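# Summary of structural features
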Amino acid sequence: MLYIGYIGKTGIFQSSKLISFLFKNIPDKSKLLLDVSARLWFTYRRKFSPIGGTGPSSDAGWGCMLRCGQMMLAQALICRHLGRDWQWEKHKKQPEEYHRILHCFLDRKDCCYSIHQMAQMGVGEGKSIGEWFGPNTVAQVLKKLALFDEWNSLAVYVSMDNTVVIEDIKKMCRSPPQSSSTAHSSAHLHRSALGRNRNAAGLCTGWKPLLLIIPLRLGINHINPVYIDAFKECFKMPQSLGALGGKPNNAYYFIGFLGNELIYLDPHTTQSFVDSEENGTVDDQSFHCQQAPHRMKIMNLDPSVALGFFCKEECDFDNWCSLVQKEILKQQSLRMFELVQKHPPHWPPFIPPTKPEVTTTGAELIESTDKLFELEEEFEILSV
């Protein structure tokens, strides 16, 4: 039985149960391909402008986890702006929001989630440009870059010590919106895409849409079988964005599972750089996977992973908490992660992250991240 996220007409995330699934001969293969092609697919690229001016002009061989992080975030943005029922069709005119989302990820230094910005923000996480990222590092990078993305206005929470704190998330997502005067000042200071993506519609609500990322270590050298059922349950949740992971130095974006096999999008295809047209649209044919996705056995998965969830409204988060309590925390020992109501007293106080006050362009900002952020602690290894 296959569980894979698909976009339901009801506007809420659903799990498609495809019986007796075989990639080569199933009645629902067309539905599966539609589900897969609706997601933005980011792969290695070549011939983009050198990162940092003198760095690499291709991410082949080292950027796969960054591309997977882009795919997970892009899926959250599609849900944020286009809704769960949106489908991509080749050669069909797409809404303006779609092109704005895609523009965020183009391989240019002035695009807020470009390979340039992610690689340079990784320097502040102790990663040299051209060095391979792990799931936790890419999660920290996305959290920091999101602070400069006012249009999408996401609250990005990355769990620490395998623990999700409800109180902290609600404090962060209920934070008061940015004032118009502050937004005007920010627009003046940030001429890059980090500043251009100011929020036009999302700051009037009382809840900032939440991107929740949970980095985990599900074993030492190999995944511990005790976590497999809970891991698969996460893909069934309506808030699921899938998972980041793979094998050593080979990252994949996992979007579902079939029995004891995971379904994933593979970034290990090198394509040429694509830029936007003069009218702001993008030739998007190479940004959608139009073939059957790949599969791998769960037991072959590297134990270092990161789960992703998107909660557009507070009720979505409340529902996610209920599902976690029911499906993930029912196991009394060796839980995959913990969900607690209150901030642990032995932790430092939680302060919702805010954009640093700077007087430079976004591109200059990312080149000096070591002055703005301290290196985050790595997550703990779970007992096995």
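The name given to the protein chain in an unreviewed UniProt entry is Cysteine protease, and the organism recorded there is Gallus gallus. Regarding the protein chain, the UniProt comment filed under Function (unreviewed entry) reads as follows: "Cysteine protease that plays a key role in autophagy by mediating both proteolytic activation and delipidation of ATG8 family proteins." Under the UniProt heading Catalytic activity (unreviewed entry), the note attached to the protein chain is "[protein]-C-terminal L-amino acid-glycyl-phosphatidylethanolamide + H2O = [protein]-C-terminal L-amino acid-glycine + a 1,2-diacyl-sn-glycero-3-phosphoethanolamine".

Helix and strand content of the protein chain: 11 helices and 13 strands. Within the protein chain, the proportion of its 384 residues that are buried is 57%. Nonlocal contacts in the protein chain, meaning residues at least 24 apart in sequence, comprise 75% of its contacts between residues at least 6 apart. Roughly 16,500 Å² of accessible area belongs to the protein chain as shown, and the carbon and sulfur atoms make up 51% of that amount.

Okay, the pairing of strand S7 (residues 240–247) next. For S7, the buried fraction is high: seven of the eight residues fall into the buried class. Two strands pair when backbone bridges link them, and S7 and strand S12 (residues 304–311) are joined in this way by four bridges, in the antiparallel orientation. Within the sheet, the bridge partner assigned to Leu244 lies in S12 and is Ala306. Here S7 pairs with strand S8 (residues 250–258) via five bridges, running antiparallel. When the sheet's bridge partners are listed, Gly246 is paired in S8 with Ala251.

Our next topic: the packing of aromatic side chains. As enumerated under the stated definition, the model contains 14 aromatic pairs in all. Seen from their ring centres, Phe254 and Tyr264 are 5.6 Å apart, and the 65 degrees between their planes marks the pair as edge-to-face. Within this pair, whereas Phe254 is found in strand S8, its partner Tyr264 is found in strand S9 (residues 261–265), the two being separated by 10 residues in sequence. For Phe254, a relative accessible area of 0% translates into the label buried. Overall, the relative accessible area of 8% leaves Tyr264 in the buried class. Aromatic rings pair up to connect Trp207, Phe309, Phe317, Trp320 and Phe337 into one cluster. Lying over the aromatic face of Phe287, Arg45 brings its terminal NZ or CZ to 4.4 Å of the ring centre. For Arg100, the ring lying beneath its charged end belongs to Trp151, and the centroid distance is 4.1 Å.

Attention now moves to the nonpolar core. Within the largest apolar cluster, 66 residues are counted, with the highest numbers of intra-cluster contacts made by Leu40, Phe105, Tyr113 and Tyr253. At 12 residues, the largest contribution of residues to this core is made by helix H2 (residues 64–81).

With that settled, consider unusual backbone geometry. A negative phi holds for most residues other than glycine; trans holds for most peptide bonds. The phi angle at His91 is positive, at roughly 65 degrees, despite the residue not being glycine. Relative to the helices and strands, His91 resides in the loop between H2 and helix H3 (96–103). Residue classification places His91 among the exposed positions, given a relative accessible area of 71%. A positive phi angle, close to 65 degrees, is found at Asn249, a residue other than glycine. Looking at where Asn249 falls in the secondary structure, it is placed in the loop between S7 and S8.

Summarising the element assignment, Ile101 is placed in helix H3. As a C-alpha pair, Ile101 and Ile78 span 23 residues in sequence and 7.4 Å in three-dimensional space.

Here we come to the packing of helix H4 (residues 115–123) against helix H5 (residues 135–145). It is the contact of H4 with H5, at a shortest axis distance of 9 Å, that shows an interaxial angle of 105 degrees. Taken as axis vectors, H4 and H5 run roughly perpendicular relative to one another. Contacts from Gln117, Met118, Met121 and Gly122 in H4 reach Val138, Val141, Leu142, Lys144 and Leu145 in H5. Of the residues in the contact of H4 with H5, the class split is six nonpolar, two polar and one charged.

Moving on to the pattern of salt bridges. Evaluation of the coordinates by the stated rule reveals 16 salt bridges. A salt bridge links Arg108 to Asp110; the shortest N-O distance between them is 2.8 Å. Here Glu327 and Lys330 are joined by a salt bridge, their closest N and O atoms 3.5 Å apart. Exposure remark for Lys330: the relative accessible area of 54% places this residue in the exposed category. It is possible to trace a salt-bridge network through shared partners that takes in Lys170, Arg174, Glu314 and Asp318.

With that settled, the discussion passes to the side chain of Thr137. Considering the arrangement of structural elements, one finds Thr137 in helix H5. Note on Thr137: relative accessible area 6%, which makes it buried.

What counts, and where the lines are drawn
- Residues numbered from 1 in each chain as written.
- Predicted model: local features only at pLDDT ≥ 70, side-chain atom pairs only at ≥ 80, totals over all residues.
- Heavy atoms only, no water.
- UniProt positions renumbered as here; feature names shortened; annotations may be inferred.
- Helix = DSSP H or I, 4+ residues; strand = E, 2+ residues; numbered from the N terminus.
- Buried < 20%, exposed > 50% of the residue type's maximum accessible area, 1.4 Å probe, protein only.
- Contact = heavy atoms within 4.5 Å.
- Areas by Shrake-Rupley, 256 points an atom, 1.4 Å probe, with all protein chains shown as cover.
- Pairing = 2+ DSSP bridges.
- Phe/Tyr/Trp six-rings, centres within 6.5 Å; stacked < 30°, edge-to-face > 60°.
- Lys NZ or Arg CZ within 6 Å of the ring centre and 35° of its normal.
- Core = buried A, V, L, I, M, F, W, Y, C linked by side-chain atoms within 4.5 Å.
- Axes fitted to C-alpha atoms, helices over the stretch in contact; angles between N-to-C directions.
- Parallel < 35°, antiparallel > 145°, perpendicular 65-115°, else oblique.
- Nonpolar A, V, L, I, M, F, W, Y, C, P; charged D, E, K, R; others polar.
- Salt bridge = Lys/Arg side-chain N within 4 Å of Asp/Glu carboxyl O.

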